[in-house]
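# Summary of the model geometry
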Amino acid sequence: MLDLYLIQDDQPKPDYPEQAKLEFAGGLDATTFANLQNKGIIASHYDYYSDFRWSAEVIEQQHEKIKLSKLENDTDIKRLTKLLNKAQSKNTGLIAYCD
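Since the structure is predicted, the reported quantities are computational estimates derived from the model, not experimental observations. (Residues numbered from 1 in each chain as written. Predicted model: local features only at pLDDT ≥ 70, side-chain atom pairs only at ≥ 80, totals over all residues. Heavy atoms only, no water.)

Its identity is not glycine, yet Lys21 carries a phi of approximately 55 degrees, on the positive side. Relative to the helices and strands, Lys21 resides in the loop between helix 1 (17-20) and strand 2 (23-28). On the basis of relative accessibility, which here comes to 76%, the residue Lys21 falls in the exposed class. Non-glycine residue Lys70 carries a positive phi angle of around 60 degrees. (Helix = DSSP H or I, 4+ residues; strand = E, 2+ residues; numbered from the N terminus. Buried < 20%, exposed > 50% of the residue type's maximum accessible area, 1.4 Å probe, protein only.)

Here it is as structure tokens:
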């Protein structure tokens with residue numbers, strides 16, 4: 001499972017989310033992640049098994065990609081949108097850790 005946590009853009013990357021007491025936003029399984037990449041929503045350079053980070057600006061870009069894709073009702077996209085909305089509502093980015 002890819003676990004995503006809320007993180008401020010200016011906050012240094014902690015080695016572990018528990019170390020910085022980051023708020024858990026949710027998770028994506030490998031199939032959903034791959035489907036989102038195949039649909040062009042998540043860029044292919046992101047690796048499910050490697051930690052990565054999206055700034056608040058990238059969150060906004062992801063929302064725009066979803067809007068342009070016209071796939072808002074897709075199950076995989078709904079899962080991602082829930083995470084993006086949580087980050088956007090708190091004006092944070094997301095950091096992903098694969099467990």
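Attention now goes to the sheet that holds strand 2. Taken in spatial order, the four strands make up an open sheet running 2-1-4-3, and their pairing is antiparallel. Of all strands in the sheet, those with a lone pairing partner are strand 2 and strand 3 (52-54), marking the two edges. Here the average twist between neighbouring strands, direction ignored, is 25 degrees. Note: strand 1 (residues 2-7) against strand 4 (residues 93-98), six bridges, orientation antiparallel. The residue of strand 4 that forms the bridge with Leu4 is Ala96. Sitting on the sheet, helix 4 (residues 75-89) is in contact with strand 1, strand 2, strand 3 and strand 4, with an inclination near 165 degrees to strand 2. (Pairing = 2+ DSSP bridges. Axes fitted to C-alpha atoms, helices over the stretch in contact; angles between N-to-C directions. Contact = heavy atoms within 4.5 Å.)

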